[in-house]
Amino acid sequence: MTERFTKAAARNIFYGGSLFFFAAFVSLTAASHIYVVNTGTDSKGLTDSVARGKHVWEKNSCINCHTLLGEGAYFAPELGNVWIRYGGDKDPEGARAALAGWMAAQPSGIEGRRQMPQFHLTEQEVNDLAAFLEWTSRINTQNWPPKISG
Amino acid sequence: MKYESQKVALPYFYGALALFGVQLLVGLLAGTVYVLPNVLSELLPFNILRMIHTNALIVWLLMGFFGAAYYLIPEEAERELHSPKLAYIQFGLFMFGALAAVVGYVFRIHEGREFLEQPTWIKVAIVVVALMFLYNISMTVLKGRRTVITNILVMGLWGIAIFFLFSFYNPTNLALDKMYWWYVVHLWVEGVWELVMASILAFLMIKMTGVDREIVEKWLYAIVGLALFSGLLGTGHHYYWIGTPGYWQWIGSLFSTLEVAPFFFMVVFAVKMVLKGGRDHPNKAALLWSVGCAVTAFFGAGVWGFLHTLSWVNYYTHGTQVTAAHGHLAFFGAYVMINLAIFSYAMPHLRGVAPYHQTLNKASFWLMTGGMTVMTFALTFAGVVQVHLQRVMGMDYMTVQAEIAPFYWVRLAAGAAVFIGAALYLYALLGPVPASRKTTGIGAAVQPAE
């Protein structure tokens, strides 16, 4: 580095620049917060059942096998659009029954196939989880994922 | 070692290395489950294994950072640590919290948000530990000599504590939850952790190459400046598909492309300092880890990050094995290696001997780095095939996973190599010191010039 670029100059650029970019980042996330609440998600449809379903999702650490909107572990299928994959947008009752059946049937015990644990969910918990996954499937994800396969 | 209180770094290094062992052992198990899925499936399912694997990693890296700070701050500030006793209490509390969390996970006690699974009382304990630590080092720095290295290091460590506070905020709205979750996760590893990493690297360069402090510090400012200028808005690459506005696609693409720059300059910096310094420092293993850290971080965090960060690429790769490939090499290159570098440098000083087991230590470097490289390629290839079959052709997830199974075998073998490498490293660092190295004379002779 040249002599003209002094340590004091480097220091001032570092502190000034960092402050500027931090302020820019905070402003943009504040704008995003408003967007998420008003446009990106269905805030009105965020019922108690959806909230409880999110808790079921967390309590059983689903995220450490599955991805949800692409984030999580990569050991099991994407679940952000699982509601659509189960046909829930057309037949919600059918999707809910299919989910309940799936949860009850785990683990499959099939040799050589990845095993999902039995989480012993109550009927209410399965319904709440379904509500949460349904609500999640309506988040505006800019058309991600590219295919229904997730 | 110039100051008696630098010794408090020792338990931190031991604790970090113990948890490193846990992380690798559980990682090896998780890699086994990928190829033999019925293993442990009821006793310790994959989600619990992964939770322990990632949490042990984060905690041991932090523990290593704490130890590194306790080692280098007295030397930089030119005075004893404010309170060694507080540092020991802090260690006990932190280690207890870490072990309690791991044991709790085995019994399914966790809060279920990725990486932030710690129960609330442990999160609170982490904050208390962080405050004890920050008080201790800030007091030491304030009363002593201020250097750029301590300024940046302390700033990074304060940032770690401040952004961790977002882990207490868990809104019901999933999109908001995700958005603020990244305030912890991204602003840590692609923000303030880079300050910690760069300042430790700068310290090692001053000590081992003998290059003038003025020059190193100018580089340090430039590198951490680039890290924050690119990394803060680079958070945008996590905001493409989670319900946040579309403008993040171009902001994230632009700024996260620039995130390669600080890592590139770290390589230039490390190589240039070593060539320019011309000091023949006896601890060749520590030097290898330091330069290796900059290079591997450039590939893992820089190149592999860029590979899938542009929004129109990420649209297809997001949440596939490509992400896993990047995650593994980035964490290893940037944060595991900087820790192993400072441990390698500091241990002979802390034990009061000349550098020892150098050949073994260097062998462990090549075995671990080689293993991680093979693992990264295996996961990258798996990811590319997965992207094509699942995201382009629209094939079902489980069918695709069966197609890419061979790559998971390669990954497991690579993981085993890393594990053996780590075992060699532990012996090289903690094993008995050969009699010929026990002369403190050499150790005293290599006190660095400033």
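Parameters and conventions
- Residues numbered from 1 in each chain as written.
- Chains lettered and ligands numbered in written order.
- Predicted model: local features only at pLDDT ≥ 70, side-chain atom pairs only at ≥ 80, totals over all residues.
- Heavy atoms only, no water.
- Helix = DSSP H or I, 4+ residues; strand = E, 2+ residues; numbered from the N terminus.
- Rg over C-alpha atoms; globule rule 2.2 N^0.38 Å.
- Buried < 20%, exposed > 50% of the residue type's maximum accessible area, 1.4 Å probe, protein only.
- Contact = heavy atoms within 4.5 Å.
- Areas by Shrake-Rupley, 256 points an atom, 1.4 Å probe, with all protein chains shown as cover.
- Lys, Arg positive; Asp, Glu negative; His and termini not counted.
- Charge placed at Lys NZ, Arg CZ, Asp CG, Glu CD.
- Expected span 1.5 Å × (residues − 1).
- UniProt positions renumbered as here; feature names shortened; annotations may be inferred.
- Core = buried A, V, L, I, M, F, W, Y, C linked by side-chain atoms within 4.5 Å.
- Domains from an automatic or database assignment.
- Buried area = accessible area lost by both parts, 1.4 Å probe.
- Salt bridge = Lys/Arg side-chain N within 4 Å of Asp/Glu carboxyl O.
- Polar contact = N/O pair within 3.5 Å; in protein donor to acceptor, adjacent residues only side chain to side chain.
- Nonpolar A, V, L, I, M, F, W, Y, C, P; charged D, E, K, R; others polar.
- Phe/Tyr/Trp six-rings, centres within 6.5 Å; stacked < 30°, edge-to-face > 60°.
- Lys NZ or Arg CZ within 6 Å of the ring centre and 35° of its normal.

> Mind showing me how you'd approach the overall build of chain B here?
Across its full length, chain B carries 16 helices and 0 strands. Taking 450 residues into account, the globule formula puts the C-alpha radius of gyration at 22 Å, and chain B, at 21 Å, falls close to it. Structurally, chain B occupies a C-alpha span of about 65 × 45 × 45 Å along its principal axes. Each of the 450 residues in chain B was classed as buried or not, and the buried ones make up 65%. The contacts in chain B between residues at least 6 apart in sequence include a share of 85% that link residues at least 24 apart. Split by element, the accessible area of chain B, about 14,900 Å² in all, is 74% carbon and sulfur. Across chain B, the mean location of the 25 positive side-chain charges is 7 Å away from that of the 20 negative side-chain charges.

> I keep staring at helix H2 (residues 48-59) of chain A and nothing clicks. Help me out?
The periodicity of an α-helix, 3.6 residues per turn, causes residues three or four positions apart to be oriented the same way. The end-to-end C-alpha distance of H2(A) is 16 Å, a good match for the 16 Å that 12 residues give at a rise of 1.5 Å each. Taken residue by residue, H2(A) has A:Ser49, A:Val50, A:Gly53, A:Lys54, A:Val56, A:Trp57 and A:Glu58 as its buried positions. Against the buried residues of H2(A) lie strand S1 (67-68) and helix H5 (123-137) of chain A together with helix H6 (174-209) of chain B. Backbone geometry just after H2(A) places A:Ser61 at a positive phi near 50°.

> Can you help me understand the UniProt feature "transmembrane region" (unreviewed entry) in chain A in this one?
Mapped onto the present numbering, the UniProt feature "transmembrane region" (unreviewed entry) falls on residues 12-36 of chain A. Here residues 12-36 of chain A is 100% helix and 0% strand, with 36 Å between the C-alpha atoms at its ends.

> Mind showing me how you'd approach the nonpolar core here?
Inside soluble globular proteins, nonpolar side chains tend to come together where they are buried. Among the nonpolar cores identified, the biggest contains 191 residues, and B:Trp188 and B:Trp193 are the most heavily contacted of them. Here this core takes 27 residues from H6(B), the largest share from any one element. Here this core gathers at least three residues from each of two domains, domain 1 (1-38) and domain 2 (46-136) of chain A.

> Explain the UniProt feature "domain: Cytochrome c" (unreviewed entry) in chain A to me, please; I cannot follow it from the model alone.
Feature annotation in UniProt assigns "domain: Cytochrome c" (unreviewed entry) to the following positions: residues 48-137 of chain A. For the annotated span residues 48-137 of chain A, helix accounts for 50% and strand for 4% of the residues, and the straight-line distance between the end C-alpha atoms is 17 Å.

> Before we go on, may I ask you to explain the interface of chain B and chain A in this structure?
Many authors give the size of an interface as the accessible area that is lost as the parts come together. At the junction of the two partners, chain B supplies 84 residues and chain A supplies 73 residues. With both chains or domains summed, chain B and chain A bury close to 6,600 Å², and 64% of this area falls on carbon and sulfur atoms. It is B:Lys218, B:Tyr221 and B:Phe229 that lose the most area in chain B upon contact with chain A, and together they represent 10% of the buried surface on that side. For A:Glu71, the salt bridge identified is with B:Lys178, shortest N-O distance 3.0 Å. Put simply, chain B and chain A have 39 residue pairs in polar contact (both at pLDDT 80 or more) between them. The element that contributes the greatest number of residues to the side of chain B that touches chain A is helix H7 (residues 213-234) of chain B, accounting for 12 residues. Of the residues that constitute the side of chain B that touches chain A, the class distribution is 45 nonpolar, 25 polar and 14 charged.

> Looking at this model, I keep getting lost on the packing of aromatic side chains. Mind explaining?
Aromatic ring pairs: the centre-centre distance and the angle between the two ring planes describe each pair. Within the structure shown, the criterion is met by 54 aromatic pairs over all chains. For the pair A:Trp57 and A:Phe132, a centre-to-centre distance of 6.1 Å together with 45° between the ring planes defines the contact as tilted. One end of the pair, A:Trp57, is in helix H2; the other, A:Phe132, is in helix H5, with 75 residues separating them in the sequence. In this pair, the class of A:Trp57 matches that of A:Phe132, namely buried. Ring centres of B:Phe66 and B:Phe133 lie 4.3 Å apart, and the angle between their planes is 40°; this geometry places the pair in the tilted category. Pair noted here: B:Phe66 is in helix H2 (residues 46-77) and B:Phe133 is in helix H4 (residues 120-143), with a separation of 67 residues, a long-range link. In terms of burial, B:Phe66 and B:Phe133 fall into one category: buried. Over the ring of B:Tyr34 we find B:Arg411; its NZ or CZ atom is 4.5 Å from the centre of that ring.

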